[in-house]
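One letter stands for each residue in the lines below.
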2 protein chains.
Amino acid sequence: MRAIHSLHQSLSATNKLPIIHSTYKDFKFEARPQLNPSNKKTTRLAESWSNLLQLHIETAIHKNLKHSNPHHNLVNVEDKQNTPTKSPKEDISGKWREIHGSNEWESLLDPLHPWLRREIVKYGEFAQATYDAFDCDSFSEYCGSCRYNHHKLLDKLGLSMGGYKISKYIYAMSQIDLPRWLERSQLVDTWSKDSNWMGFVAVSDDEESKRIGRRDIVVAWRGTVSATEWYEDFQRKLQPIGQGDAKVEHGFLSIYTSKSDCTRYNKSSASEQVMNEITKLVHFFQSKGEEVSLTITGHSLGGSLALLNAYEAANYFPSLPISVISFGAPRVGNIAFRDELYQMGVKTLRVTIKQDFVPRMPGIVFNESLQRFDDITGTLEWVYTHVGVELKLDVRSSPYLKRGFNLMGFHMLETYLHLVDGFLSTTSTFRADAKRDAALVNKSCDMLIDELRIPHCWYQLANKGLECNAYGRWVKPKRDPEDIPSPTAELHSQNYVLDMQKDYGVESLYFLKV
Amino acid sequence: MRAIHSLHQSLSATNKLPIIHSTYKDFKFEARPQLNPSNKKTTRLAESWSNLLQLHIETAIHKNLKHSNPHHNLVNVEDKQNTPTKSPKEDISGKWREIHGSNEWESLLDPLHPWLRREIVKYGEFAQATYDAFDCDSFSEYCGSCRYNHHKLLDKLGLSMGGYKISKYIYAMSQIDLPRWLERSQLVDTWSKDSNWMGFVAVSDDEESKRIGRRDIVVAWRGTVSATEWYEDFQRKLQPIGQGDAKVEHGFLSIYTSKSDCTRYNKSSASEQVMNEITKLVHFFQSKGEEVSLTITGHSLGGSLALLNAYEAANYFPSLPISVISFGAPRVGNIAFRDELYQMGVKTLRVTIKQDFVPRMPGIVFNESLQRFDDITGTLEWVYTHVGVELKLDVRSSPYLKRGFNLMGFHMLETYLHLVDGFLSTTSTFRADAKRDAALVNKSCDMLIDELRIPHCWYQLANKGLECNAYGRWVKPKRDPEDIPSPTAELHSQNYVLDMQKDYGVESLYFLKV
């Protein structure tokens, strides 16, 4: 890896872990007045809306519905069902660099600027897609793969209008024993014995690129399904990365860099796959004279991989604007790792939930108590340290969420996206005009208050994917041939080149060489 | 209730709990040779079929698939997927009384006669339908009801070709506190606050009636979803029934007889509803000169209710052939209750699984140890006693089932139906040509060996019934108006009369009076 390339001008000791107190007043976007409410007005709005919903938040949350007021009704919750789930898209092309973190998101986080909020949710939904499409049925011969091919994925998950196209899937393995990481089929003949689908690379289309002011390459990394238990298994071994003192958790690095000629999907490592794809795309669009950015996102373990990916990409592309938007990610490396990332200009927005345990891993006690020695211990190589700017959310801010302790629920990405969607500022209540469908929170956990009538863990296939055949037998249907993973990417490659030509109009010699 | 009407001629001390050792030789049906295999031949068949399936039963069952032979494959299991799930129907009209138990199923159970096996499964599937169609979503305003109206139910569950039509739904409540019995919505405005759908009455159509030699009225009683825990709550209070010394468990009796003018669905009790319907149907078909039978079925608690129902029906219709086919039912009453049932000629086939706990409830130790004093304690009023002929199944007989302890799995009705389908005799292995779909066993438990690749607890709605609306919000769809339960049966009544006229050709004055 190459040496450090850029030292961002705004880097200073004080903004390593910025404390946010500024308001929109300091930030000169031409935001419409209604997008810039005062805290007082916001609070009033939220209150009147809560009354309208008849959620009786404070009283209802702490008691069982069975014993609640019999005249309590849910009519207005049902009214809400027939409203859009998204705000109209704004043209952010004039301010994309700030939204992308060029200024460490200063003045954008508290209160949270609506343009930034929308972008955070957009990237978070890519990360969520890596969970939603993941086949974790241990009786499936494709367990550990994506259920759809990369052309169909976003469409299948209702994200086809998001303005991005997936160009490549990433697969990962680990050469060290990481208990409970790999999802593996119980069958003998399977698509892969060692690798899991670990995420994808996507590119903004022309329309979205126009709106956001540049061609945006996104990498979305999948986390682990059983994350909270998983982090307990960490050995807390730091391993060197790069040429300097930087060290990172060896488990994360193993997943990012492992490869083996004996495997079908990891003859090249996740690192090589993703860097190869990023390189192709950056060259392709830069050769067309376009402005290009790289945004890397992930939740939990996916957030850790995002940082490693950003570290590597920043080494390869010193002048490329690179941001990481992570959700509920644990610490990844030591202080030198953090400092190198800062020096290379990687911008990291680290979204956390106060009640979520994972961002405090690994080494809670050890790290927390040493935090105040940050400057003194700058050379210590054995302390895990967070990177970037924190956007800290609070489960208690949402009137939709239960208050009880829920280790999994606090960590779920959908809980994060719900709280981002409702976040106005650290001093105001949940956003009155939050539009995202709250039902999504309960996809894989039990966090929503009973009044909403959303079952817990509802995201499931009919009959777990079994179908009744013509004889009346319940069988696992064959996967659509076009969705069966294939290690021979030749065909895909060809389609891919054709797709790129169609989508982006110009034929690049670089592409044809691949 | 009226006094005892008939004392069945075959009743004797020895067949109160018959021990079955006879073979087909004693039973003079004109069964086709292939339906009457010798045990030896059956064993060979089963073995060769197991080999064909490559299930490697003895080795595979006790070890994890992950460590199994890598050359092990499931090709032939997949072949099996494209075979019928049912044997052709036989004309049993000439021997229906014996099949219906007139001779206490003597010589029919060991080996199990294929005609009887098919009938047991048929009735068991009616009982299973009461589970499969039950709405137990506590966020549904219709929690505790049937998801479909009675015209659609059998069709929705793939039983429309079974030759029966449902004529009436039964609802029950309980005036005593029975923890964990009633499934109740958490909402305030619901279809009913006190009642649950508890089963149905159905009648054989003309074609089926011809095949089985009489017009068969079926009552199917639903059990409880969380049965095994539920029986632990029993207070073990016996309560008098009828005019004599007969006593039954007060919890069962409460569900069968409770009513209240304050309720919507139990202004009449389950007892009154079912007896009213049976009476109408018996009179209707007898007035046409048809031979009529009553077959009452149920699993678990449903089996208990079936016995109470049979007791009452036998009092009303002394000359009507009445049988109970129960699955995994607990004891219901004392010895006097049992004797009265025998004296009235009620025939009970009690299907049990050796490993199932519920048939030993209530009062395992107490009852089991007193069993040998049966004759001496004939007058004791406080001993729970089983009724009828037992068909005892063994989980270990099936190569499809796991061997581990599984309290719920051993009790599930689908496990029962699978074992009945495979039962040949107490001395032979699982039936080689068993056709019922083994996948059904895992509907609501985890009993199937991994080789079959059937997920556990797979019987589930897509996204727990949530649907994505036009705005992209996940909402609980409104129930189809025709499936919403209604306590005012006028409309149904009218349809019902029209249906009966259409189905059975004759208009009965009795029907028009209802």
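Please read these numbers as outputs of a predicted model, since none were measured by experiment.

Draft legend 1. A look at the confidence of the model for chain A. Averaged over every residue, the pLDDT of chain A is 80; the share at 70 or more is 73%. In this model, residues 506-514 of chain A is a region of pLDDT below 50 whose contacts with residues beyond four sequence positions or in other chains number 15 contacts.

Draft legend 2. Quick peek at the relation of the copies chain B and chain A. Take chain B, turn it by 180°, move it 0.0 Å along the axis, and it overlays chain A with an RMSD of 0.0 Å. The transformation relating the two chain copies, once decomposed into turn and shift, fits a two-fold axis. Considering only C-alpha atoms, the residue of chain B closest to the rotation axis is alanine 462 of chain B, which sits at 1.8 Å. With an isologous cut-off of 70% or more, the 100% of interface residues of chain B that recur at the interface of chain A puts this contact in the isologous class.

Draft legend 3. Representation of the sheet that holds strand β6 (residues 292-299) of chain B. All names here are of chain B. The strand order across the open sheet formed by seven strands is β1-β2-β3-β6-β7-β8-β9, and the pairing between neighbours is mixed. Two strands bound the open sheet, and with one partner strand each, they are β1 (164-172) and β9 (389-393). Ignoring which end each strand starts from, the neighbouring axes of this sheet average 15° apart. Where β6 lies against strand β7 (residues 322-327), six bridges are found, and the strand directions are parallel. Considered in β7, the bridge of leucine 294 is made with isoleucine 322. Packed onto the sheet, helix α10 (residues 270-287) meets β1, β2 (196-204), β3 (215-221) and β6 and runs at close to 155° relative to β1.

Draft legend 4. Fine view of helix α10 (residues 270-287) of chain A. Residue and element names in this part refer to chain A. Helix length check: α10 (18 residues) gives 25 Å between terminal C-alpha atoms against 26 Å at 1.5 Å per residue, within 8%. Listed in full, the buried residues belonging to α10 are Ala270, Ser271, Gln273, Val274, Glu277, Ile278, Lys280, Leu281, Val282, Phe284 and Phe285. Directly after α10, the chain includes glycine 289, whose backbone phi takes a positive value near 80°.

Draft legend 5. Structural context of the sheet that holds strand β3 (residues 215-221) of chain A. Residue and element names in this part refer to chain A. Pairing within the open sheet is mixed, and its seven strands lie in the order β1-β2-β3-β6-β7-β8-β9. Looking at strand neighbours, the two that pair on one side only are β1 (164-172) and β9 (389-393), the edges of this open sheet. Within this sheet the neighbouring strands show an average axis-to-axis angle of 15°, counted without direction. The pairing of β1 with strand β2 (residues 196-204) spans eight bridges and is antiparallel. Each residue of the ladder has a partner; that of alanine 172, found in β2, is asparagine 196. Those strands touched by helix α11 (residues 301-316) are β2, β3, β6 (292-299), β7 (322-327) and β8 (347-353), and its axis lies near 155° from that of β6.

Draft legend 6. Structural view of the packing of helix α9 (residues 250-257) of chain A against α11 of chain A. Residue and element names in this part refer to chain A. One can describe the packing of α9 onto α11 by two numbers: an axis separation of 10 Å at closest approach and a directional angle of 70°. Relative to α11, the element α9 is oriented roughly perpendicular. Like other packed secondary-structure pairs, α9 and α11 cross with a definite hand, here right-handed. Residues Phe252, Leu253, Ile255 and Tyr256 of α9 touch α11, and the partners they reach there are Ser304, Leu305 and Leu308.

Draft legend 7. The pairing of β3 of chain A, seen in detail. Residues and elements named next belong to chain A. By the criterion of burial, β3 is predominantly enclosed, with seven of the seven residues buried. Going residue by residue along β3, you find Arg215, Ile217, Val219 and Trp221 tucked away on one face and Asp216, Val218 and Ala220 tucked away on the opposite face as well. Pairing geometry for β2 and β3, over five bridges, is antiparallel. Paired with phenylalanine 200 across the bridge in β3 is alanine 220. Where β3 and β6 come together, seven bridges link them in parallel fashion. Across the sheet, the residue bridging to alanine 220 is threonine 297, located in β6.

What counts and how
- Residues numbered from 1 in each chain as written.
- Chains lettered and ligands numbered in written order.
- Predicted model: local features only at pLDDT ≥ 70, side-chain atom pairs only at ≥ 80, totals over all residues.
- pLDDT = per-residue confidence, 0-100.
- Contact = placed C-beta atoms within 7 Å.
- Least-squares fit on C-alpha atoms with pLDDT ≥ 70 in both.
- Pairing = 2+ DSSP bridges.
- Helix = DSSP H or I, 4+ residues; strand = E, 2+ residues; numbered from the N terminus.
- Axes fitted to C-alpha atoms, helices over the stretch in contact; angles between N-to-C directions.
- Expected span 1.5 Å × (residues − 1).
- Buried ≥ 20, exposed ≤ 12 C-beta atoms within 10 Å, placed from the backbone.
- Parallel < 35°, antiparallel > 145°, perpendicular 65-115°, else oblique.
- Left-handed = near helix turned anticlockwise from the far one by under 90°.

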